[in-house]
Amino acid sequence: MLYFGIPLKPRRFSRNWEQVVANFHTTLRSVLNQSDPNFRVVVACSDELPQGPRDPRVEFIHVPPAPSVSEPGEWDRRWRVWSIGQYIRERGGGAVMMVDADDLVSCRIAAFANSHAEGDGYIARTGYELDDRTGRLRWAPRFWNLCGTCAVTRVWPDDIPDVFDRHFPETVYGTQHQHLRRRFQSWGRTLRWFPFPVAVYRVFTGDNLRELLGDDFGWKHQVLRRLIPSRRPTPEQRREFWGEA
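Residues numbered from 1 in each chain as written. Predicted model: local features only at pLDDT ≥ 70, side-chain atom pairs only at ≥ 80, totals over all residues. Heavy atoms only, no water.

Quick notes on the sheet that holds strand β2 (residues 40–45)
Judged by pairing direction, the sheet is mixed, and its seven strands sit side by side in the order β3-β2-β1-β4-β9-β6-β10 without closing on themselves. One side of each edge strand has no neighbouring strand; the edge strands of this open sheet are β3 (58–62) and β10 (192–193). By the bridge criterion, five bridges tie strand β1 (residues 2–7) to β2 in an arrangement that is parallel. Bridged to Gly 5 within β2 is Val 42. Seen against the sheet, helix α1 (residues 17–32) touches β1, β2 and β3 and runs at an angle of roughly 175° to β1. Packing against the sheet, helix α2 (residues 74–90) makes contact with β1, β2, β3 and β4 (94–98), and its axis sits at approximately 150° to β1. (Pairing = 2+ DSSP bridges. Helix = DSSP H or I, 4+ residues; strand = E, 2+ residues; numbered from the N terminus. Contact = heavy atoms within 4.5 Å. Axes fitted to C-alpha atoms, helices over the stretch in contact; angles between N-to-C directions.)

Right, here's the structure in full:
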């Protein structure tokens, strides 16, 4: 089974909860737009959400606030990622794609992952970055280093730690996206490249984790942002990533 895991930040850590919820519903619509219907979506949230689209493939799991966490950060997100892992662990493992709750994904992911079940997973070499202030899209190289919505990895129950550790020890499940390729290689596992851009990374939403932490995305990315032109999404891109008719 292919699982899309969506860790949704708590209301107490958001700047604009209504916008966070609106972005989440856009993300969920994008995920549900898969051309292959054989997948499940697991949403880890701490707050009750306004009614959104109903779909039997979507499971909401209530995750209480992370212990001893008083401000937004990677630890809080990892707590919710770990909680999604427990859900998947209890069901015998599977293929997992973590999706940030404001990103968009290609409608081709489920079809590709389900028809290429022989490997350890796939990771994105390229994707897109969407500036939420302007609505303009640009091509994004080295996508695995930029965005957490970048990989489908195959995990067994023993790959998922049954006790939460804020640092996620050296395990297949939960490794930060920047380190996935290197760590998989060290474990004798192989992540192949997706043959197409898999996701749209939304930035400057006002509630992006890097913004809340004061991260400027690094000087290399700032240079790329100036060199790579941006443009409005095409109708084809809106169908593939937004799920629009």
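A closer look at the nonpolar core
Counting residues in each nonpolar core, the largest one holds 65 residues, and the members touching the most others are Phe 4, Ile 6, Val 41 and Phe 143. For this core, the leading source of residues is α1, giving seven residues. Setting aside chain neighbours within four positions, we find Phe 4 in contact with Val 31, Gln 34, Phe 39, Arg 40, Val 41, Val 42, Met 97, Val 99 and Ile 109. Core analysis: the second largest hydrophobic core is formed by seven residues, Leu 104, Tyr 128, Leu 130 and Val 200 among them. (Core = buried A, V, L, I, M, F, W, Y, C linked by side-chain atoms within 4.5 Å. Buried < 20%, exposed > 50% of the residue type's maximum accessible area, 1.4 Å probe, protein only.)

Points about the sheet that holds strand β8 (residues 136–141)
Taken together, four strands build an open sheet; the order of strands is β5-β11-β7-β8 and the sheet is mixed. Both outer strands of the open sheet, β5 (104–105) and β8, are each paired with one neighbouring strand and no more.

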